[in-house]
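# Report on the structure
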Amino acid sequence: PFAERPLKENKLKVSVVRGNDDEYIAGAVAYELVSRSDDAHPGTTIVIAPEYHPDNFAKYFSLVQFIEDTVCAEHDSLEGVVQIAPFHPKFEFAGSGEGGVDNYTNRSPYPMFHILREDE
């Protein structure tokens, strides 16, 4: 549902990144964050990383936090413009517990980084 509008408007980019190297995955996500922050590239990007810790949500989410805390913090132009919506096969909201029904809103077949423009 998060990508429905960009898909209908032909503004959805899907990028598949292979492997489980932290720096490589972070670089791919950072590239897409910067690209989507440019007004010349409206829409949304989904970076799919099938091999990036599909069975370990904590490791995956650690990278999401690193990107938000480091990449976004170092590039003031990203703040308030783009954000990462995390999706993972074992997604778990803080305090929800592994079996929490609300977790399913952010569960996906593969680890994904959904990059959204906040104004869209």
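In this report, the structure presented in the accompanying data block is examined. (Residues numbered from 1 in each chain as written. Predicted model: local features only at pLDDT ≥ 70, side-chain atom pairs only at ≥ 80, totals over all residues. Heavy atoms only, no water.)

### Focus: the side chain of Glu32
Considering the arrangement of structural elements, one finds Glu32 in helix 2 (residues 22–37). For Glu32, a relative accessible area of 4% puts it in the buried group. A polar contact of 2.8 Å, which involves the side chain of Glu32, links it to the side chain of Lys13. Once residues within four sequence positions are removed from consideration, Glu32 is found in contact with Lys13, Ser15, Thr45, Val47 and Ile115. (Helix = DSSP H or I, 4+ residues; strand = E, 2+ residues; numbered from the N terminus. Buried < 20%, exposed > 50% of the residue type's maximum accessible area, 1.4 Å probe, protein only. Polar contact = N/O pair within 3.5 Å; in protein donor to acceptor, adjacent residues only side chain to side chain. Contact = heavy atoms within 4.5 Å.)

### Here we look at unusual backbone geometry
Notably, Asn10 is not glycine yet its phi reads approximately 60 degrees, a positive angle. Within the fold, Asn10 resides in the loop between helix 1 (4–8) and strand 1 (12–16). We classify Asn10 as exposed; its relative accessible area is 71%.

In short, the description is geometric, and any link to function would need to be established separately.
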